[in-house]
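Structural overview for review
What follows is the residue order along each chain.
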Amino acid sequence: MGTLQSSPAPSEYADLSEKTGFSFEQIGVLHKRFRHLSHGENVLRKEDFNGIPDLASNPIRTQIVEAFFDQRNFSKDGDGKVDEIGFEEFVVVMSHFRPPSLHMTEEQRESVRKEKLRFLFNMHDSDNDGIITLEEYRHVVEELLSRSGALGKETAKGIADAAMLEVASISVGHMEPDEFYEGITFDHFLKLLATFEIESKMSVRFLNMDTITLCK
Amino acid sequence: MAVRAARSAGFTAVLLLFLVLAGSAWTGDAHAAHNGTPTTQEDPDQHHGTNATNHRKAFPVLAFNYDHVRKPFEISLWILLALLMKLGFHIIPRVSHVVPESCLLIFVGLLVGGVIKAMDEKAPVLDSKLFFLYLLPPIILDAGYFLPIRAFTENMGTILVFAVVGTLWNAFFVGGMMFAVCQIEAARVGHVDLLSCLLFGSIISAVDPVAVLAVFEEIHINELLHILVFGESLLNDAVTVVLYHLFEEFSHAGTVTVGDAFLGVVSFFVVSLGGILVGVIYGVLGAFTSRFTSHSRVIEPLFVFLYSYMAYLSAEVFHLSGIMSLIACGVVMRPYVEANISHKSYTTIKYFLKMWSSVSETLIFIFLGVSTVEGPHNWNWIFVIFTLVLCLLSRVLGVVGLTFIINKFRIVKLTKKDQFIVAYGGLRGAIAFSLGFLLTDSEKKHMFLTAIITVIFFTVFVQGMTIRPLVDLLAVKRKKESKASINEEIHTQFLDHLLTGIGDICGHYGHHHWKDKLNRFNKTYVKKWLIAGERSNEPQLISFYNKMEMKQAMMLVESGSAAKLPSVMAAASAQNIQQQREEARQQKLLKISKTREAEIRKVLRANLQKTRQRLRSYSRHDLFMDPFEEDMSEVRFRKQKVEMERRMSHYLTVPAKRQETPSVRKVWFEPEHKVYTYDDSQSPRSGAIQLNPRPSDGAALLDGSPQGSESSAAPQSADQSERQKPSRCLSDPGPNEDEEESIFFSSR
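Residues numbered from 1 in each chain as written. Chains lettered and ligands numbered in written order. Predicted model: local features only at pLDDT ≥ 70, side-chain atom pairs only at ≥ 80, totals over all residues. Heavy atoms only, no water.

The name an unreviewed UniProt entry gives chain B is Sodium/hydrogen exchanger, with Fundulus heteroclitus as the organism. For chain B, the Sequence similarities (unreviewed entry) comment in UniProt is given as "Belongs to the monovalent cation:proton antiporter 1 (CPA1) transporter (TC 2.A.36) family." The record held by UniProt for chain B lists under Subcellular location (unreviewed entry) the comment "Basolateral cell membrane". (UniProt positions renumbered as here; feature names shortened; annotations may be inferred.)

A few words on the overall build of chain B. Counting its regular elements, chain B contains 32 helices and zero strands. Counting all 748 residues of chain B, 53% fall into the buried class. Accessible area of chain B: about 35100 Å², with a carbon and sulfur share of 65%. (Helix = DSSP H or I, 4+ residues; strand = E, 2+ residues; numbered from the N terminus. Buried < 20%, exposed > 50% of the residue type's maximum accessible area, 1.4 Å probe, protein only. Areas by Shrake-Rupley, 256 points an atom, 1.4 Å probe, with all protein chains shown as cover.)

A tally of regular secondary structure across chain A gives nine helices and four strands. Tracing chain A from N to C terminus, the helices and strands come up as α-α-β-α-β-α-α-β-α-α-β-α-α. In chain A, which comprises 216 residues, the share counted as buried stands at 51%. Partitioning the intrachain contacts of chain A with sequence separation of at least 6 by distance along the chain shows that 55% fall at a separation of at least 24. Just so you have it, chain A exposes about 10200 Å², and 50% of that area is on carbon and sulfur atoms. (Contact = heavy atoms within 4.5 Å.)

A separate point is the packing of helix H13 (residues 300-317) of chain B against helix H14 (residues 322-340) of chain B. Residues and elements named next belong to chain B. Where H13 contacts H14, the axes come no closer than 8 Å and their chain directions differ by 155 degrees. Between H13 and H14, the angle falls in the class roughly antiparallel. Seen along the crossing, H13 lies across H14 with a hand that is right-handed. Between H13, through Glu300, Val304, Tyr307, Ser308, Tyr309, Ala311, Tyr312, Ala315 and Glu316, and H14, the contact on the second element is made entirely by Gly322, Ile323, Ser325, Leu326, Cys329, Met333, Val337 and Asn340. (Axes fitted to C-alpha atoms, helices over the stretch in contact; angles between N-to-C directions. Parallel < 35°, antiparallel > 145°, perpendicular 65-115°, else oblique. Left-handed = near helix turned anticlockwise from the far one by under 90°.)

The next point concerns the packing of helix H11 (residues 223-253) of chain B against helix H12 (residues 258-290) of chain B. All names here are of chain B. Two elements in contact, H11 and H12, have axes separated by 9 Å at closest approach and are oriented at 145 degrees. The handedness of the crossing between H11 and H12 comes out as right-handed. Along the contact surface, H11 presents Ala238, Val239, Val241, Val242, Leu246 and Phe250, while H12 presents Asp260, Gly264, Ser267, Phe268, Val271 and Ser272. Its residues assigned to classes, the contact of H11 with H12 shows eight nonpolar, three polar and one charged. (Nonpolar A, V, L, I, M, F, W, Y, C, P; charged D, E, K, R; others polar.)

Glancing now at a nonpolar patch on the surface. Among the surface-exposed residues, Trp379(B), Trp381(B), Ile382(B), Ile385(B), Phe386(B) and Val389(B) lie close enough to one another that they form a single nonpolar patch of about 600 Å² accessible area. Tracing the backbone shows Val389(B) in helix H16 (residues 381-406). (Patch = residues over 30% accessible without salt bridge, like charges linked within 9 Å, V, L, I, M, F, W, Y side chains within 5 Å. Salt bridge = Lys/Arg side-chain N within 4 Å of Asp/Glu carboxyl O.)

Before going further, it helps to examine the confidence of the model for chain A. Residues and elements named next belong to chain A. Put simply, chain A has an average pLDDT of 74, and 82% of its residues get 70 or more. Note that pLDDT drops below 50 for residues 1-7; the model gives that stretch eleven contacts with residues more than four away or on any other chain. The model gives residues 209-216 a pLDDT under 50, and that stretch makes 30 contacts with residues more than four places away or in other chains. (pLDDT = per-residue confidence, 0-100.)

Each aromatic ring pair is characterised by the separation of its centres together with the angle its planes make. Per the counting criterion, the structure on display carries 22 aromatic pairs over all chains. Judged by centre distance (5.4 Å) and plane angle (65 degrees), the ring pair of Phe34(A) and Phe87(A) falls under edge-to-face. With Phe34(A) in helix H2 (residues 24-37) and Phe87(A) in helix H4 (residues 87-95), this residue pair connects regions lying 53 residues apart in the sequence. We classify Phe87(A) as buried; its relative accessible area is 9%. Measuring from ring centre to ring centre gives 5.0 Å for Phe131(B) and Phe132(B), while their planes differ by 75 degrees; the resulting arrangement is edge-to-face. (Phe/Tyr/Trp six-rings, centres within 6.5 Å; stacked < 30°, edge-to-face > 60°.)

This part covers the side chain of Asn522(B). Residues and elements named next belong to chain B. Relative to the elements of secondary structure, asparagine 522 occurs in helix H21 (residues 511-530). Exposure remark for asparagine 522: the relative accessible area of 18% places this residue in the buried category. Only 2.6 Å separates the side chain of asparagine 522 from the side chain of tyrosine 336, close enough to count as a polar contact. (Polar contact = N/O pair within 3.5 Å; in protein donor to acceptor, adjacent residues only side chain to side chain.)

Take a look at the structure:
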C-alpha cells in the first residue's frame, strides 16, 4: 500500500470504501496523491491544481477544477461552491470515474450511468438552475475550442447552435412556431446521450497509478 | 406475378451469362493452345513480305487477329464474369439473403472450373503472384484507409494479443497435433516431419481478412466485435509471414536450433515494426505531396493509391509484412490527405477503393472455386478431418483462454457471447490457399492444399452461412445505425479532455495521457508540414461540423430543391464562380458567409431582368448544365450550409424587438423575393422541411416570449435581421410566402 504519512486510519478507509466503492488499496493510492497535491496539508485548494504541469494545456481545465469544488458532486442535494475540500470530497469526486464492475444488474448499471451523466451535467450547468441554456452550451464549446486560437467565437456559436437544435429535435420533436426551446434539462441530457455508453467511456483505471496501460 | 416473372427472368439471365462466359473462356483458351509459339507473330509479317514480292493478295477487309488482344481480353472477360455474377445474385433475393455472397461466388467458381475441366482446357489458377500482388492490396487498402481509428486504438491491446499470441497458439497446436496424428501408423499419411507439420499449422492458423470482411459486412455486427476479429485478421499477417518463412527455411534444413528460434522472435519484431515503418514513411510522403496538389486536383486520388501500393511493394521486397505496411500507410495518410484534397477527390478515392476491393474480392472467391476443381488433389481422410477438427478446437480454446487473461485488463469485459462470435468468426480464406500454393515440396503440397481447401470451404460455407442466424439467435448487439451527431462529437471530445485531466490529477499516465500528448505533437509539428494553408489549424470539432453540414446540405440538395436551385445559381453566380473557387475550403466560416451573402445580393439586384428570362430557359435544362456543374456543386453546398446556419441561429436565439425587423426586411426582400417566387413556388419544400424543424418558422419564432437574455439579444437583433435577408430570399419558404406578400402590399 505504500507508506502513508499520517491519518486517516484504515477504519476511515472502510467508511470511504463503502461510500464510494473503491478498494482499500485504491483509497491508499489516492490518499498519497492527495497529500502530494496539497503539499502535506489536509485540505486542497484551487491553487494547488495549478501545480500539475500537464493540466495547464488542457482546454477545459477550469471546468475540471471547478467540478472538484462543486458541492453538487459531493452529495445528492448539495449546492453551491466551496473553496477547499478534504480528502473525503476528493475521493467522492473521483468515484464518479470508477469503471463499472463486471457483475452488475441492469438497474445498477442504469444508476451508474445516471450518476456519471449527472456529473457531466453539473459541469455544463454552471449557474445551477437545472438547465443548460444556449449560453452555457456555447461556453462549453468555446472552451473546447479555446486552444485553437483564431477561429473563435463565431464558429463556436454555430456549432453550439447546431447542437442545441439537435437536442431540441431529439427531445421535443416537433415544435410549434411560437414555442421556444429553453435549454437542456437533465432528462433531455439523458436522452441525448442514451447511446453513448458513458459507463464505460467515462472511466479511469485507478489501481496502477504509475504504470502505462495499453488496453482498456 | 410480377415478382415471379422477375425472378424467372433473373434465373434465365444468370444462366445465359454463365454459359456465354464459360464459352468465351473456352474460346480464349482454345486460341491460347493454337497460338502458343512466338514465331506465329512473325509469320504474318513474313507472309506479307513474301506476298508483296510475289503476287498481290486482295486487301483484307475483315481480319481476325485474336493474339493481339488475347491477354487483356481474357482478363476483362473474367472480371466481367465476376461482376455479372455479383449482379445476378442480387436479382434473386431469396438466395442472397440466406447465403453470403462469398459462398455463391465460390460456387460459381466451382461450376466454371468444372465446365472448363470438362472441355479439357487449362483454367487460370489462383496464382500466388496474381493474388499477393494484384488482388489482395486493394482489399487491404480499402480496409486500412477506412479503419475506424478510435475503436481500433482503444482495443489495440486485445487485438494484438489475439493476433500474435492467438495465432502462435493456433499454429503450434495444430502443427504439433497433426504431427502426432501423422505418427499413427493407421493413418497411412506418410512421412511428414515435424517442421512440415508446423509449416502447415502456420499456414492454416491465420484468420483471413478477406473472408472476415466478406462475411461480417453482411451481418452488421456491433463495432467492438467487428474491430476485434477484423483487426486480428489484419495484424496476424506479421506472425504468419515470420512463421511461414521460418518453417519453410528450416524444413529444408531439417532441424531448428535455439539460436534459430531466437532469430525467429527477432525477425517477428523486424517484420512487423519494419512493415509499419515503411508504411508510415510512404504515408507521410503521400500526405506531404497532397499539400501541393491544389493546382491539379484531378490526379489527387492517384497519389493516394500509388503511394499506398508502393508501400506494400516496398515492404514485400524486404519480406516485411506488406499488409501492416499498407494499413499503416493508409492510417497515417488519411487525416492529412483529407484535409488537403477537394471534396470530389475524396469521393473518388472512396468509390475507387470500394470498387477495386469489391472486384478483387469477387475475383478471389471465383478463382478459389476454379482452383479447387483444377488443382491436383491428394485426399487423405484422416489428415483432412483431423485438420478441420483441430482448427476449430484450437480456435475455441485459444479465444477462451486469451479472453480470460485479457478481461483482467479491460474495462468493457468480453462476455461469453462475444467470445463465441470471435471464435466463430475466425474464418480462413484465400491467403491460406495462396501460401499453400507457394510451397515447393510437391508430394506433401497436394495433401496440404487439399486440407487447406477443405478448411476454407468449411469455414466460408458452414460458418459463413450459419453465423447470421446465430447472431440473431444469440441476440448479439448489432451495429447501431446512428447518424453523425454533433452532440456526441462534442461530448466525445469533452470526455477525452476530461479524462486526460482527471488522469493528470491522479498522476495516472494512461491511455488518454498518451493520446493527448500525441495529439499535441501532431498539432504543433506535424500538421504544419502536412496540411496546406490555414486548415492546419482547424480543430477536429470544426472539421467534423463542416463535414456534417456539407453532408446535410448535400442531402437537402438531392432531396428537395435540386431541380430548381441550379437554375437560380446559374443565373446569379456566373460571375461568382471564379471567386467561389478560390474561396474554396480554406476559408473560415465567418468570412464565407459575409462575402457570399454580399455577392449574392449584389449580383441578384444587378441582374434582375436578365435573371427572369434566364430562369425560364434554364429551368428546362437544369439537369444538363455541364459547364456549370462542377462549380455548382461546391457553390451549392456552401450556400446550403450558410442557409442552415442562418436557420439555426434564428430558431434558437431570442431577439428582443420584433417590430424593427419587418420594416427593414420589406425594403430588402422585395426584389429578390419576387424573383424566386417565380420558380420556387412550385418546388416541393418537403425535402427542406424534413431536415430542419420548420425553417419557415424562423420568422414566427422570433417573437417568442422575451427571455432574461434580452439585453444580450438586442444588439444581435440588428445583426440577425441583416442576416435573415439572404435566407429569406434563398430558401423561400412556401407557406409564409403569401404572408410576406400581404405584408408587403399592406405597407404600400
